[in-house]
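Remarks on the overall topology
Chain by chain, the residues:
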Amino acid sequence: EGVIVERKTRKGKIFFGCNKYPACTFASWDPPVARKCEKCGYPILTSKETKRKGAYLRCPSCREEFPVPLAEGEVAAPQAAV
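Right, let's get into the overall build of the protein. Counting its regular elements, the protein contains zero helices and seven strands. In sequence order, the secondary structure elements of the protein are arranged as β-β-β-β-β-β-β. By residue count, 18% of the 82 residues in the protein fall in the buried class. In the protein, the share of contacts with a sequence separation of at least 24, taken over all contacts with a separation of at least 6, comes to 10%. Total accessible area on the protein stands at roughly 6800 Å², and carbon and sulfur atoms take up 52% of it.

Quick look at the structure:
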């Protein structure tokens, strides 16, 4: 029902939350992506990036992780051997 907007904490840190709070309690430190979770059907995924895993999408509901789809014409960087 609500729209996810960029908000700031009292100390100025940016987070993403629903504009219909307290009726809608969605909040996330990670930017949301308008894509449905393939496992549980949750309507939003969040975009995350770590040094170990690189960029990926994660479902806030079931915690399933998905690779970030490449843009057209973009080539994936080779992974370093660990």
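Having seen it, we continue.
This next bit is on unusual backbone geometry. In this chain, Y21 is followed by P22 through a cis amide linkage whose omega measures 10°. Inspection of the secondary structure assignment puts P22 in the loop between β2 (14-18) and β3 (27-28). For R63, which is not glycine, the phi dihedral falls at a positive 70°. Mapped onto the elements, R63 comes out in the loop between β6 (54-58) and β7 (65-67).

Looking at the element boundaries, S28 is found in strand β3. Overall, the relative accessible area of 13% leaves S28 in the buried class. Among the polar contacts made by the side chain of S28, one reaches the main-chain amide nitrogen of D30 at a distance of 3.0 Å. Residues in contact with S28, not counting those within four places in the same chain, are F15, F16 and T46.

So, about the nonpolar core. Nonpolar side chains tend to gather and get buried jointly when the protein is soluble and globular. Judged by nonpolar contacts, C37, L45, L57, C59 and F66 together constitute the single largest core of five residues. Apart from residues lying up to four places away in sequence, C59 is in contact with C37, C40, Y42, L45 and E64.

Looking at chain direction, strand β5 (residues 45-50) and β6 are connected through five bridges and run antiparallel. Among the inter-strand pairings, K48 is bridged to a residue of β6, identified as Y56. The loop that links β5 with its antiparallel partner β6 comprises three residues. Of the strand pairs in this sheet, β6 and β7 are connected by three bridges, and their pairing is antiparallel.

Next up on the list: the pattern of salt bridges. Tallied over the entire structure, the rule returns four salt bridges. A salt bridge links E64 to K39, with the nearest nitrogen and oxygen atoms 3.5 Å apart. With E64 in the loop between β6 and β7 and K39 in the loop between β4 (32-33) and β5, this pair connects stretches of sequence that are 25 residues apart. The salt bridge involving E65 is made with K53; its shortest N-O contact spans 3.0 Å. Of this pair, E65 sits in strand β7 while K53 is found in the loop between β5 and β6, placing the two residues 12 residues apart along the sequence. Taking relative accessible area as the criterion, E65 reaches 33% and is therefore assigned partly exposed. Of the residues examined, K53 reaches a relative accessible area of 49% and is grouped as partly exposed.

Parameters and conventions
Residues numbered from 1 in each chain as written. Predicted model: local features only at pLDDT ≥ 70, side-chain atom pairs only at ≥ 80, totals over all residues. Heavy atoms only, no water. Helix = DSSP H or I, 4+ residues; strand = E, 2+ residues; numbered from the N terminus. Buried < 20%, exposed > 50% of the residue type's maximum accessible area, 1.4 Å probe, protein only. Contact = heavy atoms within 4.5 Å. Areas by Shrake-Rupley, 256 points an atom, 1.4 Å probe, with all protein chains shown as cover. Polar contact = N/O pair within 3.5 Å; in protein donor to acceptor, adjacent residues only side chain to side chain. Core = buried A, V, L, I, M, F, W, Y, C linked by side-chain atoms within 4.5 Å. Pairing = 2+ DSSP bridges. Salt bridge = Lys/Arg side-chain N within 4 Å of Asp/Glu carboxyl O.

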